[in-house]
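Survey of secondary and tertiary structure
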Amino acid sequence: MSGAATAPAALAAEGLTKRFGGFTALDGVSLAVPEGSITGLIGPNGAGKSTFFATVAGFLRPDGGRVWLRGQEVTGAPPWRLHRAGLARTFQIPRLFGRLTVAENLAVAAPDQPGERLPRPWFARRRIREEERALRARVMAVLERLNLARHADAPATALSGGQKKLVELGRALMSGASLILLDEPAAGVNRTLLREIAATIARLNREDGITFLVIEHDLDLVAELCHPVHCMAEGRVIASGSMAEVRADPTVAEAYLGMALEPDAS
Ligand SMILES: Nc1ncnc2c1ncn2[C@@H]1O[C@H](COP(=O)(O)OP(=O)(O)OP(=O)(O)O)[C@@H](O)[C@H]1O
Ligand SMILES: [Mg+2]
């Protein structure tokens, strides 16, 4: 298993391959997310970063390669099983329940909700009410941490793009995940909110011991937050190390430059 020293990596992939028809989106990706780290995943548009997330989180079936979660092989496991094992992901474009409030969007992400095991006898109703109160308290605590408490009872559709990203993070936290994959947490977010998101991720990592794998195009944010950093291009990992090392790698510069030049070349 790649990246394994004494403790197994929180997440490790080896030779992961995913094809869409004749197109190879992941071409033998091997990388590790050390336990307790905030690991970065960078690379130009279309590099395969979101596909990597979808494949390790069980949303897409790999065509080859293997995935381990804390040393246990989970290749091809369905999302619910990985979720139970402590893995949560957010989506590049937030997927919230538009007809539910912000608080309800978090509440439905809790693993064991009151009233879920229906039917229940009449004498259990008081217990359900108590469980519901406890759940609401947990939801509010998470919303406080994300600075969203004042929006708790607003419909999720009323939030800004950046706030929706935070709600997705909140949903991952409600699930009790110990490994969270964040797909572009800072995309479309203003500088102030971006600072807040960065501080929140760092705090959750430091205080709650949550391991993160973060896809992000804001390389300054990655430099500040992430170690190690993996850079992908055209379905492969082309560099890994500290952000400084990855930035200094000529193949990385070339991959990004190639993208920048593309519109002129076409
Ligand atoms: N379901 C799919 N069917 C066909 N092709 C797909 C599918 N999902 C992704 N792709 C292709 O795979 C490649 C990698 O896409 P992916 O979304 O993983 O890139 P990315 O690195 O996340 O890019 P970005 O930074 O723009 O989000 C792209 O060329 C994309 O068009
Ligand atoms: Mg993507």
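Bringing the overall build of the chain into the picture now. Along its length, the chain carries 9 helices and 10 strands. Across the 266 residues that make up the chain, the buried fraction comes to 39%.

Let's shift gears to the environment of asparagine 190. Within the fold, asparagine 190 resides in the loop between strand S7 (179–183) and helix H6 (191–208). When the C-alpha atoms of asparagine 190 and glycine 161 are compared, they prove to be 9.9 Å apart, with 29 residues separating the residues in sequence.

Omega for the peptide link from histidine 227 to proline 228 comes to 0°, which places this bond in the cis form. Relative to the assigned elements, proline 228 resides in the loop between helix H7 (219–225) and strand S9 (229–233). The backbone of arginine 70 sits at a positive phi, close to 45°, despite the residue not being glycine. Structurally, arginine 70 can be placed in the loop between strand S4 (64–69) and strand S5 (72–73). In this model, glutamate 234 sits at a positive phi of 50°, which is unusual for a non-glycine residue. Secondary-structure assignment places glutamate 234 in the loop between S9 and strand S10 (236–241).

Attention now goes to the environment of arginine 203. Counting through the fold element by element, arginine 203 comes out in helix H6. Overall, arginine 203 belongs to the exposed group, with 12 C-beta atoms counted inside 10 Å. In this structure, the C-alpha to C-alpha distance between arginine 203 and arginine 145, residues 58 residues apart in sequence, is 9.8 Å.

Here the focus is helix H4 (residues 125–145). When the terminal C-alpha atoms of H4 are compared, their 30 Å separation across 21 residues agrees well with the 30 Å that a helix rising 1.5 Å per residue should span. Taken as a whole, H4 has its buried residues at Leu135, Val139, Val142 and Leu143. All buried residues of H4 lie within an arc of 95° about the axis, which places them on one face of the element. Exposed and facing more than 90 degrees away from the buried side of H4 are Arg126, Arg127, Arg129, Glu130, Arg133, Ala134, Ala137, Ala141 and Glu144. Residues of H4 that are buried in the fold lie against helix H3 (102–107) and helix H5 (161–174). Positive phi shows up at asparagine 147, right after H4, with a value of about 60°.

What follows deals with the sheet that holds strand S1 (residues 11–20). If you trace the 4 strands from one edge of the open sheet to the other, you get S2-S1-S4-S5, paired in antiparallel fashion. Lying at the two open borders of the sheet, with one neighbouring strand each, are strand S2 (23–33) and S5. Looking at chain direction, S1 and S2 are connected through 8 bridges and run antiparallel. Across the sheet, arginine 19 pairs through a bridge with threonine 24, a residue of S2.

With that settled, consider the site of ligand 1. With respect to spatial proximity, the complete set of residues near ligand 1 consists of Phe20, Phe23, Ala25, Gly43, Asn45, Gly46, Ala47, Gly48, Lys49, Ser50, Thr51 and Gln92. Mapped onto the shell around ligand 1, the elements with two or more residues apiece are S2 and helix H1 (49–56). In terms of residue count, the dominant contributor to the shell around ligand 1 is H1 (3 residues). Here the shell around ligand 1 is built from residues that sort into 4 nonpolar, 7 polar and 1 charged.

Grouped together as the largest cluster of nonpolar side chains are 74 residues, with contacts concentrated most on Leu11, Leu143, Ile180, Phe212, Val214, Leu225 and Cys231. In this structure, this core is formed jointly by two domains, domain 1 (1–86 + 177–266) and domain 2 (95–176), each of which donates at least three residues. Those residues within four positions of cysteine 231 in sequence are excluded, and the remaining contacts are Ile42, Gly43, Ile238, Ala239, Val246 and Val252.

What counts, and where the lines are drawn
Residues numbered from 1 in each chain as written. Chains lettered and ligands numbered in written order. Predicted model: local features only at pLDDT ≥ 70, side-chain atom pairs only at ≥ 80, totals over all residues. Helix = DSSP H or I, 4+ residues; strand = E, 2+ residues; numbered from the N terminus. Buried ≥ 20, exposed ≤ 12 C-beta atoms within 10 Å, placed from the backbone. Expected span 1.5 Å × (residues − 1). Arc of directions from axis to C-beta. Contact = placed C-beta atoms within 7 Å. Pairing = 2+ DSSP bridges. Near = placed C-beta within 6 Å. Nonpolar A, V, L, I, M, F, W, Y, C, P; charged D, E, K, R; others polar. Core = buried A, V, L, I, M, F, W, Y, C linked by C-beta atoms within 7 Å. Domains from an automatic or database assignment.

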